[in-house]
Amino acid sequence: QAAAPLHPVAGQCQEAQLVVMVHRDLFGTGRLVKAAELTLGSAACLPVARSAAETTVTFVAGVQQVSSPKCPFQMTPDSLIYKTSLSYKPSSSGNLVIVRTNAAVVPIECHYPRKSNVSSNAVRPTWAPFRSTLSAEERLMFSLRLMNDDWSTERLSNGFQLGESLHLQADVASGGHVPLRLFVDDCVATLSPDRNSSPRYALIDLSGCLVDGRSDDTTSAFISPRLRQETLQFMVDAFKFAGDDRNLIYITCHLKVSPADQAPNPLNKACSFNKASSLWAPVEGTGDICSCCETGNCP
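No experiment lies behind these values; they were computed from the predicted model shown.

1. Observations regarding the overall build of the protein chain
Okay, so step 1: A count of helical and extended segments in the protein chain gives 3 helices and 17 strands.
Okay, so step 2: For the protein chain, the proportion of its 299 residues judged to be buried stands at 35%.
Okay, so step 3: By sequence separation, contacts in the protein chain at least 24 residues apart represent 57% of the contacts at least 6 residues apart.
Okay, so step 4: When the accessible surface of the protein chain is summed, it comes to about 17900 Å², and 54% of that surface belongs to carbon and sulfur atoms.

And the structure:
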């Protein structure tokens, strides 16, 4: 509602900014306060406009700009709440003995729903609303399979002899998405389904470095080039845990995707160690994205 003597302060919480209109008859006494004595928020923002009759003043500021720096917002299960305040600090009337009005602080809150489809005038999607995009993203299907030696079909047996190689293929079914490129972020081998159990051995680590290939007695590596962007193949030499007679090993991998038109980077990469050159090499992208595989300082 508009600012009026009965409701001297009116606020409008917009998508990115707060608009506050203040009637200068702030106390309903007929005595108008000065616009310069009104400020909004912790940044002490001044009014940006006055009405033609000079009876109201208007503030326009970013919601975060005028929120408290110590607590810019509060979160509830359903809302984000930004809090600020309108301050009135009367200047001295020249009489140092008496005052004729009090300072005042009017609290203002903006509540934004956390669980809703929030649109933006600045961004006008033409492909699909947010809810449909979210449901489509949830249909991504990842898979990790043991393949036969020529990669043509899935391997029927999961038994291996030491000296053989495991042919592993990761895939994602992207459905109606924009083209995606698949990466294997990490893979760990354990003796139980719990990937955090001990003993454990990292095959792929550091956001896509096939660290098992760094060992002297292995030929483990990613297969390059890819068959397609949504598939990534790699070979790992068969192994067993030292001092343990169990012959069942669990391999758990974290798969992820990035847009296919996004260049690989230290966070999204597939890097193998080339023993001939003693250098890390990516399946795609520039060689520098693999440098962190050697230093261990990957994202």
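2. As for the sheet that holds strand 15 (residues 250–259)
Okay, so step 1: What the 3 strands build is an open sheet, ordered 12-11-15; its pairing is antiparallel. Edge positions in the open sheet fall to strand 12 (200–204) and strand 15, since each of these has one partner strand only. Each neighbouring strand pair of the sheet contributes to a mean axis angle of 20°, computed without reference to strand direction.
Okay, so step 2: Direction of pairing for strand 11 (residues 180–190) relative to strand 12: antiparallel, over a ladder of 4 bridges. Residue pairing across strands places Cys187 opposite Ile204, the latter belonging to strand 12.

3. Some words on the side chain of Gln169
Okay, so step 1: By the element assignment, Gln169 lies in strand 10 (residues 165–173).
Okay, so step 2: At a separation of 3.0 Å, a polar atom in the side chain of Gln169 contacts the side chain of Asp171.
Okay, so step 3: Within polar-contact distance, the side chain of Gln169 engages the side chain of Gln233 at 2.7 Å.
Okay, so step 4: The contact partners of Gln169, leaving out residues within four places of it in the chain, are Ser143, Leu144, Arg145, Met147, Trp151, Arg228, Thr231, Leu232 and Gln233.

4. Quick word on the sheet that holds strand 9 (residues 141–147)
Okay, so step 1: Pairing within the open sheet is antiparallel, and its 4 strands lie in the order 9-10-14-13. Of all strands in the sheet, those with a lone pairing partner are strand 9 and strand 13 (221–222), marking the two edges.
Okay, so step 2: In the sheet, strand 13 pairs with strand 14 (residues 231–237) via 2 bridges, with the strands oriented antiparallel. Considered in strand 14, the bridge of Ala221 is made with Met235.

5. Details of the pattern of salt bridges
Okay, so step 1: Enumeration according to the criterion identifies 8 salt bridges in this entry.
Okay, so step 2: Measuring nitrogen to oxygen at the nearest pair gives 3.0 Å for the salt bridge that ties Arg195 to Asp186.
Okay, so step 3: A relative accessible area of 15% means that Asp186 is categorised as buried.
Okay, so step 4: The closest approach of N and O atoms between Asp244 and Arg246, which form a salt bridge, is 2.8 Å.
Okay, so step 5: Owing to a relative accessible area of 48%, Arg246 belongs among the partly exposed residues under this scheme.

6. Some details on the packing of aromatic side chains
Okay, so step 1: A complete count under the given rule lists 6 aromatic pairs for this structure.
Okay, so step 2: Seen in terms of ring centroids, Phe222 and Phe234 are 5.7 Å apart; in terms of plane orientation they differ by 65°. Their pairing is edge-to-face. Of the two residues, Phe222 is situated in strand 13 and Phe234 in strand 14; the sequence distance between them amounts to 12 residues.
Okay, so step 3: Under the relative-accessibility criterion, Phe222 is labelled buried at 7%.
Okay, so step 4: Owing to a relative accessible area of 0%, Phe234 belongs among the buried residues under this scheme.
Okay, so step 5: Considering the side-chain rings of Phe273 and Trp280, the 5.4 Å spacing of their centres and the 65° angle between planes classify their relative orientation as edge-to-face.

7. Some points on the state of the cysteines
Okay, so step 1: Taken as a whole and judged by the stated rule, the model has 5 disulfides.
Okay, so step 2: Note that Cys209 is cross-linked by a disulfide to Cys293, the S-S spacing being 2.0 Å. Between Cys209 and Cys293, the S-S dihedral sits near -80°, and the bridge is therefore left-handed. Pair noted here: Cys209 is in the loop between strand 12 and strand 13 and Cys293 is in helix 3 (residues 291–295), with a separation of 84 residues, a long-range link. Both residues of the pair, Cys209 and Cys293, count as buried.
Okay, so step 3: Disulfide partner of Cys292: Cys298, at an S-S distance of 2.0 Å.

8. Let's talk about the environment of Arg50
Okay, so step 1: Mapped onto the elements, Arg50 comes out in strand 4 (residues 49–50).
Okay, so step 2: As a C-alpha pair, Arg50 and Arg24 span 26 residues in sequence and 9.9 Å in three-dimensional space.
Okay, so step 3: Ignoring any residue separated from it by four or fewer positions in sequence, one finds Arg50 in contact with Ala35, Thr56 and Val57.

9. Some remarks on the nonpolar core
Okay, so step 1: Core analysis: the biggest nonpolar cluster contains 21 residues, and Leu18, Val20, Val22, Leu38, Leu40 and Phe59 have the highest contact counts within it.
Okay, so step 2: Breaking this core down by element, the ones donating at least two residues are strand 2 (17–23), strand 3 (38–40), strand 5 (56–62), helix 1 (63–66), strand 7 (79–88) and strand 8 (104–113).
Okay, so step 3: The element contributing the most residues to this core is strand 8, with 4 residues.
Okay, so step 4: When near neighbours in sequence (up to four residues on either side) are disregarded, Leu38 contacts Val22, Leu26, Val33, Cys45, Leu46, Pro47, Val57, Phe59, Ser87 and Tyr88.
Okay, so step 5: Counting 19 residues, the second-largest nonpolar core is a separate cluster that includes Ala170, Leu203, Ala270 and Val283.

Criteria and cut-off values
Residues numbered from 1 in each chain as written. Predicted model: local features only at pLDDT ≥ 70, side-chain atom pairs only at ≥ 80, totals over all residues. Heavy atoms only, no water. Helix = DSSP H or I, 4+ residues; strand = E, 2+ residues; numbered from the N terminus. Buried < 20%, exposed > 50% of the residue type's maximum accessible area, 1.4 Å probe, protein only. Contact = heavy atoms within 4.5 Å. Areas by Shrake-Rupley, 256 points an atom, 1.4 Å probe, with all protein chains shown as cover. Pairing = 2+ DSSP bridges. Axes fitted to C-alpha atoms, helices over the stretch in contact; angles between N-to-C directions. Polar contact = N/O pair within 3.5 Å; in protein donor to acceptor, adjacent residues only side chain to side chain. Salt bridge = Lys/Arg side-chain N within 4 Å of Asp/Glu carboxyl O. Phe/Tyr/Trp six-rings, centres within 6.5 Å; stacked < 30°, edge-to-face > 60°. Disulfide = S-S within 2.5 Å. Core = buried A, V, L, I, M, F, W, Y, C linked by side-chain atoms within 4.5 Å.

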